[in-house]
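# Overview (structure and organization)
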Amino acid sequence: MEQNKKATKIEVEYSGKAATIFSIIEEAESPRSVLDEIGVVGTKVFRRCPDSCPICGNGVLTTLELIGVANRPLFWECTNCNALHCMEERKWIEHRIKKLDGCWTICQAWEMPDKDEFN
Ligand SMILES: [Zn+2]
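This section reports on the structure supplied with the text. (Residues numbered from 1 in each chain as written. Predicted model: local features only at pLDDT ≥ 70, side-chain atom pairs only at ≥ 80, totals over all residues.)

### So, the overall build of the protein
For clarity, the threshold we go by: Each helix corresponds to a stretch of at least 4 residues labelled H or I by DSSP, and each strand to a stretch of at least 2 residues labelled E; elements are numbered beginning at the N terminus. Field definition: a residue is buried when 20 or more other C-beta atoms are found within 10 Å of its C-beta, exposed when 12 or fewer are, and partly exposed for counts in between, with C-beta atoms placed from the backbone.
Tallying secondary structure elements over the protein gives four helices and five strands in all. For the protein, the N- to C-terminal ordering of α and β elements is β-β-α-α-β-β-β-α-α. Out of the 119 residues in the protein, the part that is buried amounts to 22%.

Below, the structure written as C-alpha cells:
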C-alpha cells in the first residue's frame, strides 16, 4: 500500500469534479512537475473513459477539470487509487498550464526574492 503520497497532493482543492492547482503551480519547477504532483500517471491518452483503471483495475472513474487550464475535464480520475489518466496529450495540457502561469520560462532566469520580502 502506497499511502504516503506527496503532501502537496492535499493542496489540490477538490470542489466536485474540478480542482484548482494554483498553489501547486507556485511551487512547481515546471508544468510537467505540476502534472506529476497532482497524480497524473503515464502518458497514454484516453479519449473515452477506460473500462477500468489501468493502475488498480477499479471500474469507477470520474472526470476532473482543472480550473483555468481548460473549460472542460482533462482527466479521468480513479475513485479508488486517485490516479489521473489524461484525456488529452500530456504535452498539450502542459502547454495550457504554461500559458496559465504566463512567466514560467522567464521566472527561471529571475532570482528568487529573499523570504523576508514576502509578507
Ligand atoms: Zn485506480
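Once the structure has been displayed, the description carries forward.
### Re the nonpolar core
Quick reminder of the rule: By our criterion, buried Ala, Val, Leu, Ile, Met, Phe, Trp, Tyr and Cys residues that link up through C-beta atoms within 7 Å make up a nonpolar core. Note on contacts: residues are paired as contacts if their backbone-placed C-beta atoms lie within 7 Å.
The biggest cluster of nonpolar side chains holds 22 residues, and the ones touching the most others in it are Ile21, Val34, Ile38, Val40, Leu74 and Phe75. Beyond its immediate stretch of four places on either side in the chain, leucine 74 contacts Leu64, Glu65, Leu66, Val69, Met87, Glu88 and Ile93.

### As for helix H2 (residues 31-38)
Threshold: Taking the helix axis as origin, the arc is that swept by the directions to the C-beta atoms.
Within H2, the full set of buried residues consists of Pro31, Val34, Leu35, Glu37 and Ile38. In a view along the axis of H2, the buried residues occupy a sector of 160°, so they form one face of it. Looking at the residues trailing H2, positive phi occurs at glycine 39, about 105°.

What is shown is where atoms sit, not what they do.
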